[in-house]
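One letter stands for each residue in the lines below.
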Amino acid sequence: MHQSCVPVLAAFLLGSSLAVAQEPCNRWQAESATASLGPQAFVENLITVDHGAGPRFYAVGQGMAVGSINEVNVAAWDGSAWRLAGDAADALGRESRIPAATRLIRGGQELLVIGGQFDIVDLVPAMRVAAFDGAQWRPLGAGITPEFDVEGVRTLVPTGDGPDQLLYAAGEFSRAEGTIVNNIAMWDGSTWSPLEGPLGVGANGLIVDAVEWNGNLVVVGEFTAAGGLPADGAAIWNGVAWSALPPLPGPPTDLERFSGVPHLCTVSGV
């Protein structure tokens, strides 16, 4: 196998153990058995957040084991072992999938924000979206209105470079704080708002993923309109209006994002 490498600083979960890729690419360090998150662990996101006392590394997903506690959805790595994020971070349960996690800055403070299908985190009511400040979980307003048989929040994207970022939540849901938003909404620190177009609100189908690009929000998914305008599975929001992007060459999949990771190692050939 041929490796084409640039400097690497990225983390991956291999099986149930933590491994860290360091320079050069052919050097891998596997942590000890204490790093295990259990055989049933399904990790969907790895996030580094600095709450003010130095960077903290989080694994977010479902079915993880931290010490003697099973079915944990959010775990924090302290450099030697996994810890609970909060006092009862297992309260979501194995069936509460958390596909979305990001780092958000509000009031100059970094927060861990998660999104999914839950309505309670660490015994705190939080509808589909919740934030962790390193000590306590809290809801983001009234959150995303719970619905049955839908995916809930699938992706979270912070935007802006200042001390108070905006947060976009997207996936499959119709309302936020009781207001019709159609699968995507924006949080400004106090209120959830719809992304309105000239002929409609949000997107008319599931949004699989989203990413910030040149100050714009790009979304992909299983929709045919955004803001009421024709959009074949891909659209862009510039902060005030929707516009369509060329159709994707295949089914929508998660956009590849390496937020906060400065370098990428590529492996090609056999």
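Scroll up for the structure.
First, a word on what this report is: a plain description of the structure on this page. (Residues numbered from 1 in each chain as written. Predicted model: local features only at pLDDT ≥ 70, side-chain atom pairs only at ≥ 80, totals over all residues. Heavy atoms only, no water.)

Moving on to the sheet that holds strand S25 (residues 234-237). As summarised here, the arrangement of the 4 strands in space is S21-S22-S25-S26, forming an open sheet in which the pairing is antiparallel. Either end of the sheet is taken by a strand with one partner, and the two such strands are strand S21 (207-213) and strand S26 (242-244). In this sheet, adjacent strand axes meet at a mean angle of 25 degrees when their direction is disregarded. Two strands pair when backbone bridges link them, and S25 and S26 are joined in this way by 3 bridges, in the antiparallel orientation. Within S26, the residue paired with alanine 235 across the bridge is alanine 244. (Pairing = 2+ DSSP bridges. Helix = DSSP H or I, 4+ residues; strand = E, 2+ residues; numbered from the N terminus. Axes fitted to C-alpha atoms, helices over the stretch in contact; angles between N-to-C directions.)

Once that is clear, we can look at the environment of proline 125. Here proline 125 lies in strand S12 (residues 124-125). Setting aside residues no more than four positions away along its own chain, proline 125 makes contact with Asp119, Ile120 and Pro139. (Contact = heavy atoms within 4.5 Å.)

Overall, the coordinates contain 1 cavity of 30 Å³ or more when judged by the stated rule. By volume, the largest cavity amounts to about 30 Å³. In terms of lining residues, the largest cavity is bounded by Arg128, Ile144, Thr145, Pro146, Glu147, Val150, Glu151, Gly152 and Phe173. Here the lining of the largest cavity is built from residues that sort into 4 nonpolar, 2 polar and 3 charged. (1 Å grid on protein atoms, 1.4 Å probe; cavity = no way out; pocket = protein on both sides within 12 Å on 5 of 7 lines; lining within 4 Å. Points joined across faces, edges and corners; volume = space filled by probe spheres on them. Nonpolar A, V, L, I, M, F, W, Y, C, P; charged D, E, K, R; others polar.)

Backbone phi values are negative for most residues with the exception of glycine, while trans is the configuration of most peptide bonds. Phi angles above zero are rare outside glycine, and asparagine 183 is one such case at about 80 degrees. Here asparagine 183 shows up in the loop between strand S18 (179-180) and strand S19 (184-187). Using a relative accessible area of 9% as the deciding quantity, one classes asparagine 183 as buried. A positive phi is found at asparagine 214, a non-glycine position, where the angle reads about 50 degrees. (Buried < 20%, exposed > 50% of the residue type's maximum accessible area, 1.4 Å probe, protein only.)

In the structure shown here, the tally under the stated rule is 5 salt bridges. A salt bridge links glutamate 110 to arginine 103; the nearest nitrogen and oxygen atoms lie 3.9 Å apart. Residue arginine 103 is classed as partly exposed on the basis of its relative accessible area of 29%. Residue arginine 154 is joined to glutamate 151 by a salt bridge in which the shortest nitrogen-to-oxygen separation is 3.0 Å. (Salt bridge = Lys/Arg side-chain N within 4 Å of Asp/Glu carboxyl O.)

Per the stated rule, a full pass over the model turns up 6 aromatic pairs. On the basis of an interplanar angle of 90 degrees and a centroid distance of 6.2 Å, the ring pair of tyrosine 58 and phenylalanine 132 is categorised as edge-to-face. Separated by 74 residues along the polypeptide, tyrosine 58 in strand S6 (residues 55-66) and phenylalanine 132 in strand S13 (residues 129-132) bring together distant segments of the chain. Counting every residue linked through ring pairs, the aromatic cluster contains Phe57, Trp77 and Trp82. (Phe/Tyr/Trp six-rings, centres within 6.5 Å; stacked < 30°, edge-to-face > 60°.)

With antiparallel pairing, the 4 strands of this open sheet are ordered in space as S9-S10-S13-S14. Strands at the two margins of the open sheet, each flanked by one partner only, are strand S9 (100-106) and strand S14 (137-139). For this sheet the average axis-to-axis angle between neighbouring strands, irrespective of direction, equals 30 degrees. Sheet topology places S13 next to S14; 3 bridges connect them, and they run antiparallel. Residue pairing across strands places alanine 130 opposite proline 139, the latter belonging to S14.

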